[in-house]
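Read off the chains here:
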Amino acid sequence: MSISNEALQKLVQEIETQAIQAQQQISTVKSQIALKQREIRMLQLTSSEVSTLPADTPVYEGVGKMFVFSPTAEVDKRLTTETTELKSDVENLGKKLQYLETTYKNSREHIDQIFKSGGRS
């Protein structure tokens, strides 16, 4: 049983579109991961600097165009919470990246399989 040329062409085009979308999403996810890892690094550096300060040192956080006093322990707690959330986000993005890479790989394999079989089912 053979698939008609139009159906085969449409099938290849759909798979190719899926592969292109997966590839675009892969690059987006990779840039999101890099951005979040950079933010994690900045938060870790800030946290290490804050932890070296004496307990009675006044710490101010930027809020819009002003600075607000915050206790050192509160600032460190916020930095730790944000770091944990970002690590969770990076982990989830890693899973998404793995899924997208698998989708892309499978799409490419399907296209290769269709061309090797010459449209025969």
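Residues numbered from 1 in each chain as written. Predicted model: local features only at pLDDT ≥ 70, side-chain atom pairs only at ≥ 80, totals over all residues. Heavy atoms only, no water.

### Observations regarding the overall build of the protein
Just so we agree on the cut-off: Segments assigned H or I by DSSP are reported as helices when at least four residues long, segments assigned E as strands when at least two residues long, and all are numbered from the N terminus. The reference for a compact globule is 2.2 Å times residues^0.38; the radius of gyration itself is calculated from the C-alpha atoms. Buried, partly exposed and exposed residues are distinguished by accessible area as a fraction of the type maximum, computed with a 1.4 Å probe on protein chains only: under 20%, between the cut-offs, and over 50%, respectively. When checking whether two residues touch, look at their non-hydrogen atoms; a contact exists if any pair is within 4.5 Å.
For the protein, the helix and strand inventory stands at 2 helices and 2 strands. In the protein, the order of α-helices and β-strands from amino to carboxyl end is α-β-β-α. Relative to its length of 121 residues, the protein is extended, with a C-alpha radius of gyration of 25 Å against a globular reference of 14 Å. In terms of principal-axis extent, the alpha carbons of the protein reach across some 80 × 25 × 15 Å. Out of the 121 residues belonging to the protein, those deemed buried represent 24%. In the protein, the proportion of contacts linking residues at least 24 apart, taken out of those at least 6 apart, comes to 77%.

### Examining the pairing of strand 2 (residues 66-70)
Our working rule: Note on pairing: two strands pair once DSSP finds at least 2 bridges between them.
Where strand 1 (residues 59-63) lies against strand 2, 5 bridges are found, and the strand directions are antiparallel. Paired with Val59 across the two strands is Ser70, which belongs to strand 2.

### Some words on a nonpolar patch on the surface
The line we're drawing: Residues forming no salt bridge and having over 30% relative accessible area are the ones grouped into patches, like charges within 9 Å of each other and nonpolar side chains (Val, Leu, Ile, Met, Phe, Trp, Tyr) within 5 Å. Surface accessibility follows the Shrake-Rupley procedure with a 1.4 Å probe radius. Residue values consider only the protein chains on display as shielding. Salt bridge, as applied in this entry: a Lys or Arg side-chain nitrogen positioned within 4 Å of an Asp or Glu carboxyl oxygen.
On the surface, Tyr60, Phe67 and Phe69 cluster together into a nonpolar patch covering about 410 Å² of accessible area. With respect to the element layout, Phe67 can be found in strand 2. On the basis of relative accessible area, Phe67 is assigned to the exposed category, the value being 64%.

### With respect to the packing of helix 1 (residues 5-52) against helix 2 (residues 72-117)
The following threshold applies: For helices, the fitted line uses only the C-alpha atoms of the stretch in contact; every axis is such a line through C-alpha atoms, and the angle between N-to-C directions lies from 0 to 180 degrees. Roughly parallel here means an angle under 35 degrees, roughly antiparallel means over 145, roughly perpendicular means 65 to 115, and every remaining angle is called oblique. Put simply, a crossing is left-handed when the front helix is turned counterclockwise from the back one by less than a right angle, and right-handed when it is turned clockwise. Classification used: nonpolar for Ala, Val, Leu, Ile, Met, Phe, Trp, Tyr, Cys and Pro, charged for Asp, Glu, Lys and Arg, polar for all others including Gly.
Running from amino to carboxyl end, helix 1 crosses helix 2 at an angle of 160 degrees, the nearest separation of the two axes being 7 Å. One element, helix 1, and the other, helix 2, form an angle in the roughly antiparallel class. By crossing handedness, the relation of helix 1 to helix 2 is classed as left-handed. Its residues placed into classes, the contact of helix 1 with helix 2 shows 23 nonpolar, 14 polar and 11 charged.

### Some words on the pattern of salt bridges
Taken as a whole, this structure holds 5 salt bridges when the rule is applied. Glu61 serves as the salt-bridge partner of Arg78, at 2.6 Å between the closest nitrogen and oxygen. Residue Arg78 is found in helix 2, and its partner Glu61 is found in strand 1; the two are separated by 17 residues along the sequence. Note on Arg78: relative accessible area 33%, which makes it partly exposed. Looking at Glu61, the relative accessible area reads 18%, which means it is buried. Across the pair Arg78 and Glu82 runs a salt bridge, and its minimum N-O distance is 2.5 Å. Here Arg78 and its partner Glu82 are both found in helix 2, 4 residues apart, which amounts to about one turn of the helix.

### Quick word on the side chain of Thr72
Note the following rule: Polar contacts here mean pairs of N or O atoms no more than 3.5 Å apart (in protein, one a potential hydrogen donor and the other a potential acceptor; neighbouring residues in sequence count only if both atoms are side-chain atoms).
Structurally, Thr72 can be placed in helix 2. For Thr72, the side chain forms a polar contact with the main-chain oxygen of Thr57, separated by 3.4 Å.

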